[in-house]
Amino acid sequence: MTDQDRDLLIAIAHALADVARVETLAHFRGGALGIENKIDGGFDPVTIADRAAEQAMRDLLNRNRPDDSILGEEFGSYIGTSGLTWVLDPIDGTRGYMSGTPTWGVLIAVTDETGPQFGIIDQPYTGERFVGGLGLAEMTSPQGRRALQTLPSRGLDHAVLFTTFPEVGTPSEGAAFHELSGQCRLTRYGMDCYAYALLALGQIDLVVEAGLNPYDIQAPIAVIEAAGGIVTDWQGGSAQHGGRVLAAANPQIHAEALAILSKAGD
């Protein structure tokens, strides 16, 4: 990849985040969201903002990167010819979005056959943008710009652990998570993608989830790895396709958490 190619990919990723900000902020805390439930027997909401934001990003890619593939949560896959794929989650944390909490985010990643190369976690309401990959690891916000750097090693008894749902997947997965939680200093819930951003920022040690999709995790992988962290599945393999995810600030605490989580059954 040439410097020109790199700069263009970064610029397009920021442009995608910019248009998604417009669409998501147009509806956030603004009343009617047109909420629909995507599944039977549970609650998986989608709003008009989810769809509008993804459509705006797809329109931008169609104009500027027509040969690239797209994988998005709301409108599925488009297969291109360039070998690059844009992985889009227009609102990660729709439950938080509809509730008015600023813990949701826009996830954007560009990947190749080896995995995520660059990612953005954007929180439009607070104006925070976390980027990682292609030589960058930084956050920009109304307070300015700062480098991303994960925490150095410390034991589980000093660790801060985040996840989204207290039940964490299946009973077996939940049992493994709660065994890990019992060894950590503090466990917090309900942060969605913002938890991964806080890990990259050096605020917390671990994020553990199960049942993820590729568009939930590819941008966080790029951002966290650029900041010095590690993201795998619960067996230590690749997490880029979703499923069970362990994100850790450093290899040492990753190994401690993995020793517990790897005992979870199917």
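The structure we're discussing is the one just above.
Note that the structure is a prediction, hence the values are computed from the model and not measured. (Residues numbered from 1 in each chain as written. Predicted model: local features only at pLDDT ≥ 70, side-chain atom pairs only at ≥ 80, totals over all residues. Heavy atoms only, no water.)

Engineer: I would appreciate a short explanation of the overall build of the protein chain in the present structure.
Structural biologist: Along the protein chain, the regular secondary structure elements total seven helices and 15 strands. For a compact globule of 266 residues, the expected C-alpha radius of gyration is about 18 Å, and the protein chain comes in at 18 Å, within 12% of that figure. When its C-alpha atoms are laid out on the principal axes, the protein chain stretches across 50 × 45 × 40 Å. Counting every position in the protein chain, which comprises 266 residues, the buried fraction comes to 54%. Put simply, of all contacts in the protein chain between residues at least 6 apart along the chain, 59% involve residues at least 24 apart. Charge-centre separation for the protein chain: the mean point of 17 positive side chains lies 6 Å from the mean point of 34 negative side chains. (Helix = DSSP H or I, 4+ residues; strand = E, 2+ residues; numbered from the N terminus. Rg over C-alpha atoms; globule rule 2.2 N^0.38 Å. Buried < 20%, exposed > 50% of the residue type's maximum accessible area, 1.4 Å probe, protein only. Contact = heavy atoms within 4.5 Å. Lys, Arg positive; Asp, Glu negative; His and termini not counted. Charge placed at Lys NZ, Arg CZ, Asp CG, Glu CD.)

Engineer: Explain the pairing of strand 3 (residues 69-72) to me, please; I cannot follow it from the model alone.
Structural biologist: Across a regular strand the side chains alternate sides, sitting on one face of the sheet and then on the other. Examined bridge by bridge, strand 3 and strand 5 (residues 85-92) share four bridges and lie parallel to one another. What sits directly across from Ile 70, in strand 5, is Trp 86. Here strand 3 hands over to strand 4 (residues 76-78) after three residues, the two strands then running antiparallel side by side. (Pairing = 2+ DSSP bridges.)

Engineer: Is there a simple way to explain the pattern of salt bridges in this structure?
Structural biologist: Close approach of charged atoms allows side chains of opposite charge to pair. Under the counting rule described, the total for this entry stands at 13 salt bridges. Between Asp 68 and Arg 65 there is a salt bridge whose closest N-O contact spans 2.6 Å. The class of Arg 65 is buried, set by a relative accessible area of 17%. Arg 244 serves as the salt-bridge partner of Glu 173, at 2.6 Å between the closest nitrogen and oxygen. One end of the pair, Glu 173, is in helix 4 (residues 171-181); the other, Arg 244, is in strand 15 (residues 243-248), and 71 residues separate them in sequence. (Salt bridge = Lys/Arg side-chain N within 4 Å of Asp/Glu carboxyl O.)

Engineer: Would you take a moment to explain the nonpolar core for this structure?
Structural biologist: Residues Ile 121, Phe 130, Leu 148, Phe 162, Tyr 196, Val 207 and Val 231 are the most contacted members of the largest nonpolar core, which totals 33 residues. Only strand 6 (105-112), strand 11 (160-163), helix 5 (193-200), strand 13 (206-212), helix 6 (214-226) and strand 15 provide two or more residues apiece to this core. Examining the composition of this core, we find that eight residues originate from one element, helix 5, more than from any other. Dropping the residues within four chain positions of it, Tyr 196 is found in contact with Ile 121, Val 207, Glu 209, Leu 212, Ile 217, Pro 220, Ile 224, Val 245 and Ala 247. Membership of the second largest hydrophobic core comes to 22 residues, among which are Ile 12, Ala 20, Met 57 and Leu 60. (Core = buried A, V, L, I, M, F, W, Y, C linked by side-chain atoms within 4.5 Å.)

Nothing here speaks to function; it is geometry throughout.
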